[in-house]
Amino acid sequence: MHITSSGIENGYWADRFGKHGSQFNSHGTNNHSVPFAISDAPAGTKSFAVVLDDWDAIPVCGFCWIHWTLCNLTETEVAENASINNPPFIQGCTSQHSAVSPETREEASFYGGMAPPDAEHEYGLTVYALDCTLDLEPGFYLNDLRRAMRGHVLSHKTIYAKYRP
């Protein structure tokens, strides 16, 4: 399986997908989501689940920051800004709903843009090919996704790119 994104330029996510962009929600979170494409999915793939996270956030806030989770994606291309444009998938809750952010679970169940406060951070977009669709509701948490995927992952792949502070 292969994952590509036209949102990555020279190893960096384009500015529009984070704090240097121009599309923000009422809490100041950039919600202009990244595009990506999946190719060569394994035989038997029924849907995809996706996690975009920032492990470099641990020294800053104490945990891996979750920027986007989604499941029941049945298409192999996700358009730029799909998160807020009636997406063909279910979105989960991001870290914008946490002790360090004011967003409600419902408000945080969309793409939450990159905003490293201290240095360049590396962001991973992981796509999981699944042999089923998942019985999850909008606003699911990452632990719900991980449990629901158990025994159903045919393959997974991660692409990495950085974002500037």
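The preceding data block contains the structure.
This one's a predicted model, so the numbers in the text were calculated from it and none came from an experiment.

Caption draft 1: Fine view of the overall build of the chain. From N to C terminus, the chain includes two helices and twelve strands. Order of helices (α) and strands (β) in the chain, N terminus to C terminus: β-β-β-β-β-α-β-β-β-β-β-β-α-β. Taking 165 residues into account, the globule formula puts the C-alpha radius of gyration at 15 Å, and the chain, at 15 Å, falls close to it. Projected onto the principal axes, the alpha-carbon positions of the chain cover approximately 40 × 35 × 30 Å. For the chain, the proportion of its 165 residues judged to be buried stands at 47%. Considering only contacts in the chain between residues 6 or more positions apart, those separated by 24 or more positions represent 71%. Carbon and sulfur atoms make up 48% of the accessible area of the chain, which amounts to about 7,900 Å² in all. Positive and negative charge centroids in the chain, built from 10 and 19 side chains respectively, lie 5 Å apart.

Caption draft 2: Region of interest: the side chain of Asn30. Mapped onto the fold, Asn30 is located in the loop between strand S3 (12-13) and strand S4 (36-39). Judged by relative accessible area, which is 3%, Asn30 ranks as buried. A polar atom in the side chain of Asn30 sits 2.7 Å from the backbone oxygen of Gly18. A polar contact is formed between the side chain of Asn30 and the backbone nitrogen of His32, at a distance of 2.7 Å.

Caption draft 3: Representation of the pattern of salt bridges within the structure. In the structure shown here, the tally under the stated rule is three salt bridges. In this structure, the salt-bridge partner of Glu120 is Lys162, at a minimum N-O distance of 3.9 Å. In this pair, Glu120 sits in the loop between strand S10 (101-102) and strand S11 (121-130) while Lys162 sits in strand S12 (residues 153-163), placing the two residues 42 residues apart along the sequence. The partly exposed category is assigned to Lys162, whose relative accessible area is 34%. Here the residues in one salt-bridge network are Glu9, Arg16 and Glu80, joined through shared partners.

Caption draft 4: Here's a closer look at unusual backbone geometry. The backbone of Asn72 shows a phi angle near 60°, a positive value even though the residue is not glycine. When you line up the elements, Asn72 lands in strand S6 (residues 65-73). With a phi close to 70°, Asn81 is a non-glycine residue in the positive phi region. Among the structural elements, Asn81 can be located in the loop between strand S7 (77-78) and strand S8 (90-91).

Caption draft 5: Structural view of the sheet that holds strand S1 (residues 2-4). Reading across the sheet, the three strands line up as S1-S4-S7 and stay open at both edges, with antiparallel pairing between neighbours. Each edge of the sheet is formed by a strand with only one pairing partner; in this case those strands are S1 and S7. When S4 meets S7, the two strands line up antiparallel, connected through two bridges. Following the sheet pairing, Phe36 is matched in S7 by Val78.

Caption draft 6: Inspection of the environment of Thr158 at higher detail. Checked against the element boundaries, Thr158 lands in strand S12. Overall, Thr158 belongs to the partly exposed group, its relative accessible area being 23%. Taking the C-alpha atoms as reference points, Thr158 and Ile3, separated by 155 residues in sequence, lie 7.3 Å from one another. If we skip the residues at most four places from it in the chain, Thr158 touches Gly124, Leu125 and Thr126. At a separation of 2.7 Å, a polar atom in the side chain of Thr158 contacts the side chain of Thr126.

About the thresholds
- Residues numbered from 1 in each chain as written.
- Predicted model: local features only at pLDDT ≥ 70, side-chain atom pairs only at ≥ 80, totals over all residues.
- Heavy atoms only, no water.
- Helix = DSSP H or I, 4+ residues; strand = E, 2+ residues; numbered from the N terminus.
- Rg over C-alpha atoms; globule rule 2.2 N^0.38 Å.
- Buried < 20%, exposed > 50% of the residue type's maximum accessible area, 1.4 Å probe, protein only.
- Contact = heavy atoms within 4.5 Å.
- Areas by Shrake-Rupley, 256 points an atom, 1.4 Å probe, with all protein chains shown as cover.
- Lys, Arg positive; Asp, Glu negative; His and termini not counted.
- Charge placed at Lys NZ, Arg CZ, Asp CG, Glu CD.
- Polar contact = N/O pair within 3.5 Å; in protein donor to acceptor, adjacent residues only side chain to side chain.
- Salt bridge = Lys/Arg side-chain N within 4 Å of Asp/Glu carboxyl O.
- Pairing = 2+ DSSP bridges.

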